[in-house]
2 protein chains.
Amino acid sequence: MLQDAPTLTDVARLAGVSEITVSRVVRNKGPISRSTRERVQAAIEKLGYVPNRAAGALASAGAPLIGVLLPSLSNIVFPEVLRGIHTALASTGYQPLIGVTDYDPVKEQEILSSLLAWQPAAIITTGFEHTDASRRMLSSSKIRVAELMDTDAEPIDIAVGLSHRRAGFDTGRHLISRNYRRFGYVGHDWNADHRARLRYEGLRAALDEAGLELKAEERFDGPSSTMAGRETLAALLSRKPDLDVVVFSNDDMAVGGFFHCLSANIRVGQTLGLFGFNGLDIGQALPLPLSTIRSNRFAIGRIAVEKLLETGQRPAEKLIVDTGYEIIAGATA
Amino acid sequence: MLQDAPTLTDVARLAGVSEITVSRVVRNKGPISRSTRERVQAAIEKLGYVPNRAAGALASAGAPLIGVLLPSLSNIVFPEVLRGIHTALASTGYQPLIGVTDYDPVKEQEILSSLLAWQPAAIITTGFEHTDASRRMLSSSKIRVAELMDTDAEPIDIAVGLSHRRAGFDTGRHLISRNYRRFGYVGHDWNADHRARLRYEGLRAALDEAGLELKAEERFDGPSSTMAGRETLAALLSRKPDLDVVVFSNDDMAVGGFFHCLSANIRVGQTLGLFGFNGLDIGQALPLPLSTIRSNRFAIGRIAVEKLLETGQRPAEKLIVDTGYEIIAGATA
DNA sequence: CTGTTAGCGCCTTCAT
DNA sequence: ATGAAGGCGCTAACAG
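Chain A goes by LacI family transcriptional regulator in an unreviewed UniProt entry, where it is assigned to Phyllobacterium phragmitis.

Chemist: What should I look at first to understand the packing of aromatic side chains in this one?
Modeler: The description of an aromatic ring pair rests on the distance of the ring centres and on the angle between the ring planes. All names here are of chain A. Across all of its chains, the model carries eight aromatic pairs over all chains by this definition. Measuring from ring centre to ring centre gives 4.8 Å for Y185 and Y200, while their planes differ by 65°; the resulting arrangement is edge-to-face. Highlighted residues: Y185 in strand β6 (residues 183–187) and Y200 in helix α9 (residues 194–209), separated in sequence by 15 residues. Among the residues examined, Y185 registers a relative accessible area of 2% and is labelled buried. Given the relative accessible area of 9%, Y200 is considered buried.

Chemist: I keep staring at unusual backbone geometry and nothing clicks. Help me out?
Modeler: For residues besides glycine, phi is generally negative; the peptide bonds are generally trans as well. Residues and elements named next belong to chain B. Even without being glycine, A61 reaches a positive phi, approximately 50°. Topologically, A61 is positioned in the loop between α4 (53–60) and β1 (63–70). Classification of A61 as partly exposed rests on a relative accessible area of 32%. One non-glycine residue, Q119, lies in positive phi territory at about 55°. Residue position: Q119 is located in the loop between α6 (105–116) and β3 (120–126). By relative accessible area, Q119 is classed as buried at 12%.

Chemist: What's the story with the pattern of salt bridges in this structure? I'm lost.
Modeler: For side chains of opposite charge, pairing can occur when their charged atoms come near one another. Residues and elements named next belong to chain B. Counting across every chain of the model gives 34 salt bridges over all chains. Measuring nitrogen to oxygen at the nearest pair gives 2.8 Å for the salt bridge that ties R144 to D157. Pair noted here: R144 is in strand β4 (residues 144–150) and D157 is in the loop between β4 and β5 (158–162), with a separation of 13 residues, a long-range link. Note on R144: relative accessible area 3%, which makes it buried. Across the pair R197 and E201 runs a salt bridge whose closest N-O atoms are separated by 3.6 Å. Taken together, the residues R197 and E201, both in helix α9 (residues 194–209) and four residues apart, mark about one turn of the helix.

Chemist: Looking at this model, I keep getting lost on the relation of the copies chain A and chain B. Mind explaining?
Modeler: What relates the two chain copies is a rotation about an axis together with a slide along it. When chain A is fitted to chain B, the residual RMSD is 0.2 Å, and the transformation amounts to a turn of 180° plus an axial shift of 0.1 Å. Each copy turns onto its partner about a two-fold axis. Of the interface residues in chain A, 100% have counterparts in chain B that sit at the interface too, so the contact is made through matching surfaces.

Chemist: It is not clear to me how the protein's contact with DNA strand C should be interpreted in this structure. Could you clarify?
Modeler: Around DNA strand C, the structure places 25 residues, and the nearest of them are T21 and R24 of chain A together with L8, S23 and Y49 of chain B. A share of 65% of the atoms of DNA strand C within 4 Å of the protein falls on sugar and phosphate groups. Between DNA strand C and A55 of chain B there is a distance of 3.5 Å, counted from a base nitrogen to a backbone nitrogen or oxygen. Those elements giving two or more residues to the surface near DNA strand C turn out to be α2 (19–27) and α4 (53–60) of chain A together with α2 (19–27) and α4 of chain B. If one sorts the elements of the surface near DNA strand C by residue count, α4 of chain B sits on top with five residues. Residue classes in the surface near DNA strand C are distributed as 13 nonpolar, nine polar and three charged.

Chemist: It is not clear to me how the sheet that holds strand β7 (residues 214–219) of chain A should be interpreted in this structure. Could you clarify?
Modeler: The strands that make up a sheet are held in pairs by hydrogen bonds between backbone atoms, and each pair lies either parallel or antiparallel. Residues and elements named next belong to chain A. Read from one edge to the other, the open sheet built from four strands follows the order β7-β6-β8-β9, with strand pairing classed as parallel. If you trace the sheet from one side to the other, it starts and ends with β7 and β9 (273–275), each paired once. Taken over all neighbouring pairs, the strand axes of this sheet differ in orientation by 20° on average, direction set aside. Here helix α10 (residues 226–239) sits on the sheet and contacts β6, β7, β8 (245–248) and β9; the angle it forms with β7, its principal contact strand, is near 140°.

Chemist: Help me understand the domain arrangement of chain A in this model?
Modeler: Many descriptions give the size of an interface as the accessible area lost when the pieces come together. As assigned here, chain A comprises domain 1 (1–49) and domain 2 (164–295). Put simply, the middle of domain 1 of chain A and the middle of domain 2 of chain A, counted by C-alpha atoms, are 60 Å apart.

Chemist: What exactly am I supposed to notice about the UniProt feature "domain: HTH lacI-type" (unreviewed entry) in chain A here?
Modeler: Per the UniProt entry, the sites bearing "domain: HTH lacI-type" (unreviewed entry) are residues 6–60 of chain A in this numbering. The straight-line gap between the two end C-alpha atoms of residues 6–60 of chain A is 20 Å; of that span, 71% is helix and 0% is strand.

Cut-off values and rules
- Residues numbered from 1 in each chain as written.
- Chains lettered and ligands numbered in written order.
- Predicted model: local features only at pLDDT ≥ 70, side-chain atom pairs only at ≥ 80, totals over all residues.
- Heavy atoms only, no water.
- Phe/Tyr/Trp six-rings, centres within 6.5 Å; stacked < 30°, edge-to-face > 60°.
- Helix = DSSP H or I, 4+ residues; strand = E, 2+ residues; numbered from the N terminus.
- Buried < 20%, exposed > 50% of the residue type's maximum accessible area, 1.4 Å probe, protein only.
- Salt bridge = Lys/Arg side-chain N within 4 Å of Asp/Glu carboxyl O.
- Least-squares fit on C-alpha atoms with pLDDT ≥ 70 in both.
- Contact = heavy atoms within 4.5 Å.
- Near = heavy atom within 4 Å.
- Polar contact = N/O pair within 3.5 Å; in protein donor to acceptor, adjacent residues only side chain to side chain.
- Nonpolar A, V, L, I, M, F, W, Y, C, P; charged D, E, K, R; others polar.
- Pairing = 2+ DSSP bridges.
- Axes fitted to C-alpha atoms, helices over the stretch in contact; angles between N-to-C directions.
- Domains from an automatic or database assignment.
- UniProt positions renumbered as here; feature names shortened; annotations may be inferred.

See the structure below:
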């Protein structure tokens, strides 16, 4: 801590006012005459006073913090959500307190309880998969809660995201309309990534509707990565070489698939179509821009914060904000 | 906040002991008899008691928080450092409080002061470029401070990172030993990214020592990205086609350069060598693994936390931990 | 527009 | 091994 950090009392004494007056100036709250405000501000600067947030939080039963629970920092998607959160928070005086759950609801519960111990103004979490205890903590508290990424279930308070099922469905529809018929799928571990599974199911539904089927699928047993995409596509094609398009669980995997095609001399977009999900920059910088779906990750984070801070009280109505998605036609499918 | 959250008092009453006894059980501190501990723990579970951290922080003049200042979340390097920090923190009871500075020392200073307001146990920040005011806040407080990424200057307390100047120098040496002579350089904005500039200077020094020079260089005016690397290499080669190797400010840029070569039918590793910095997964998943240097970003975050928590007091001696780097020979240079 | 009073929930210090 | 008293720095609620 700061050594001998000055307190409200010190400032008040120097400015010749009471503590509460300084407090009001600091928080910019309540009516203060121009002259006292200036006197107080001078004293604050002179002493280099910085309010003690712990004291403030205790006295007002609430901290200017937003608890943020992310499943992972390895998947670039979540740093981007976090960037959106940070951007929206920048001018508000709130700060994010971050926890990483490793896609584990039990770990989420532990971290949640330690975040709640700070009496944050709101909690931002990911998806709808929580333990009963987490759900209870969140419901019995009255703080605002945003569940991000997904809109395919009923939120506790606010949901911000997109329908992954529909995104998968539209992927299928889009590719069918481009005359692809022999579909393959390359995925990663979806016990962890529930939303990848929803997209897969949407894809299957679209194929079904058109009387088509997945000719082959292969799932890497681990998190998504470029290397995993590369190796898993290789494995898929060695089993089933005559596919005309492969849908990947996300762009990381698809970019890896693209690299495999380069190595194996497969003409992407002609012999074989490739389709991703997310619309990452890397995919669009490829020699052939990746065909994919843009999920609006930055917007998800930003909008979540905006909605959460609109009202301190949880409204009667649950709110679902669909941030949508767009198909990026690209050149790989 | 939790509605009617139970307090120490409630637990104490239920367990038939005094508050301080409960406090001791919760913090696992001081002598407690087996039987009272169990009685108290039962009461805690029964009530679902969660300690109020704000009150704890106020009473003990210090919060179980680590302030973390990162320049950016867009550059994958920093989420990886953060991952290391999180991993090391996981079992300690400390939580990270994160601020993003956008490479702006003034913004850093503002965020620093608001982090310090929580009385954190330590501050982790990036590089050595701080405002005088920041430096004063950090010095006059007695809390531990780690400055990450870099070891090319004197730290306030602890530095954890690598010498970017030497990394640049070794890049030059390595490429010269592989008989490259006609060097080009593709960079990004180094007003923001000071360390990219150090690597550049190291490279120049190595060339100098060998009686060589940079035949051409081009810097993108903005942050590094795959697309920037792609376009900037194209620009460089259109001006100066007869280079035999190009060094990039980092892997993102180099991967973009690789993509340009694919599009322009330049045979990488034969007609033209490419060299990056960081050792990102994406570079190693390319059809030709990228020649680059592995910086140990995860380790930097992890070690910083370990060292910071070793002692609460700042030791007399400043500590510099060199996490080193390795040349990844790769296949592109 | 400014001040007084009374805690917020916990921990430190000292006693027993 | 346990407890009593007091205060950390701030703010809510009310007065004036």
